[in-house]
Amino acid sequence: MVGRYFDEAVPYIRVGTDYFKKVKKIDRFGIWRTELKSWTKDEIKQDNGAAYINNIPKFDDFGIYPDNFNYQPVVENCYNLYKEFTHRPKEGSFYWSDVLMHHIFGEQYNLGLRYLQALYLNPDRSLPILVLVSRERQTGKTTFLNWLNMIFGDNMV
């Protein structure tokens, strides 16, 4: 649900009695992300005029409704904090991802692929927590986490 004011998209939402601005920023990987920042009603009025407030979409609460295939930004008048998956699978080479997966999972490569597939296909299901442990440095742990962040974005913890 997007509010409009003089044919412009309204970058604010109200959830319950609190106002938020949708702020677009580039992350450290060069990917555009949208964050919700708390904003005051008075500042919105000062910046845009009092009539502007009437065009801000209103929601009852926040919710988390993970779905990578039929994403809905609003469910039962709750603003969905789960972010839409920004890329779609397609056939082709995934050479560097494959190299990383082989490096991280080694002989358990197929298990790693199944784990990532389950994360994508069933984001609402609880899976075992993946723990990367190594006493050595330069084993790829941080690289793997950064790679997952590029894929799953704000839906990754």
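Quick notes on the rules
Residues numbered from 1 in each chain as written. Predicted model: local features only at pLDDT ≥ 70, side-chain atom pairs only at ≥ 80, totals over all residues. Heavy atoms only, no water. Helix = DSSP H or I, 4+ residues; strand = E, 2+ residues; numbered from the N terminus. Rg over C-alpha atoms; globule rule 2.2 N^0.38 Å. Buried < 20%, exposed > 50% of the residue type's maximum accessible area, 1.4 Å probe, protein only. Contact = heavy atoms within 4.5 Å. Areas by Shrake-Rupley, 256 points an atom, 1.4 Å probe, with all protein chains shown as cover. Lys, Arg positive; Asp, Glu negative; His and termini not counted. Charge placed at Lys NZ, Arg CZ, Asp CG, Glu CD. Expected span 1.5 Å × (residues − 1). Pairing = 2+ DSSP bridges. Axes fitted to C-alpha atoms, helices over the stretch in contact; angles between N-to-C directions. Parallel < 35°, antiparallel > 145°, perpendicular 65-115°, else oblique. Left-handed = near helix turned anticlockwise from the far one by under 90°. Nonpolar A, V, L, I, M, F, W, Y, C, P; charged D, E, K, R; others polar. Phe/Tyr/Trp six-rings, centres within 6.5 Å; stacked < 30°, edge-to-face > 60°.

**What about the overall build of the protein chain?**
Check the secondary structure of the protein chain and you find four helices and nine strands. The helix and strand sequence of the protein chain, counted from the amino end, reads β-β-β-β-β-α-β-β-β-β-α-α-α. At 20 Å, the protein chain has a C-alpha radius of gyration far larger than the 15 Å of a compact globule built from 157 residues. Its C-alpha atoms put the protein chain at 60 × 30 × 30 Å along the principal axes. Sorting the 157 residues of the protein chain into buried and exposed places 25% on the buried side. In the protein chain, the proportion of contacts linking residues at least 24 apart, taken out of those at least 6 apart, comes to 48%. Of the accessible surface of the protein chain, which amounts to about 11,500 Å², a share of 52% is contributed by carbon and sulfur atoms. Treating the 20 positive side-chain charges of the protein chain as one cloud and the 19 negative ones as another, the clouds have centres 3 Å apart.

**Details of helix α4 (residues 141-152)**
With 12 residues, α4 ought to run about 16 Å at 1.5 Å a step, and its terminal C-alpha atoms sit 16 Å apart, in line with that. Taken residue by residue, α4 has F144, W147, L148, N149 and F152 as its buried positions. Tucked into the core, α4 has its buried residues touching β5 (32-39), α2 (95-105) and α3 (109-121). Where α4 terminates, the next one or two residues include G153, which has phi positive at roughly 55°.

**Here we look at the sheet that holds β5**
Spatially, β5-β4-β3-β6 is the arrangement adopted by the four strands of the open sheet, whose pairing is mixed. The outermost strands of the open sheet, each flanked by one partner alone, are β5 and β6 (58-59). Of the pairings in the sheet, the one linking strand β4 (residues 18-26) to β5 comprises eight bridges and is antiparallel in character. Note on β5: the bridge partner recorded for K21 is K37.

**Some points on the packing of α3 against α4**
For any two helices packed against each other, one specifies the inter-axial angle together with the distance between the axes. One way to put it is that α3 packs onto α4 with a least axis distance of 12 Å and a crossing angle of 30°. With respect to their mutual orientation, α3 and α4 come out roughly parallel. Helix-helix and strand crossings are classified by hand; for α3 and α4 the assignment is right-handed. On α4, the residues touching L116, L119 and Y120 of α3 are W147, L148 and F152. Grouping the amino acids of the contact of α3 with α4 by side-chain chemistry returns six nonpolar, no polar and no charged.

**Examining the sheet that holds strand β7 (residues 61-63)**
Remark on secondary structure: sheet strands pair via backbone hydrogen bonds, oriented parallel or antiparallel. The strand order across the open sheet built from three strands is β7-β9-β8, with neighbouring strands paired in mixed fashion. Of all strands in the sheet, those with a lone pairing partner are β7 and β8 (74-75), marking the two edges. Relative to strand β9 (residues 78-80), β8 runs antiparallel, the two sharing two bridges. The residue bridging V74 from the neighbouring strand is Y79, located in β9.

**Description of the environment of E91**
Along the polypeptide, E91 turns up in the loop between β9 and α2. Sequence separation between E91 and W39 is 52 residues, and the spatial gap between their C-alpha atoms is 43 Å.

**Some points on the packing of aromatic side chains**
One pass over the full model with this rule turns up 11 aromatic pairs. Between the aromatic rings of F85 and F152, the centroid separation amounts to 5.7 Å while the plane-to-plane angle is 65°, which identifies the pairing as edge-to-face. In this pair, F85 is assigned in the loop between β9 and α2 and F152 in helix α4, connecting sequence segments 67 residues apart. For F85, a relative accessible area of 8% gives the class buried. In this structure F152 comes out as buried when scored by relative accessible area, which is 12%.

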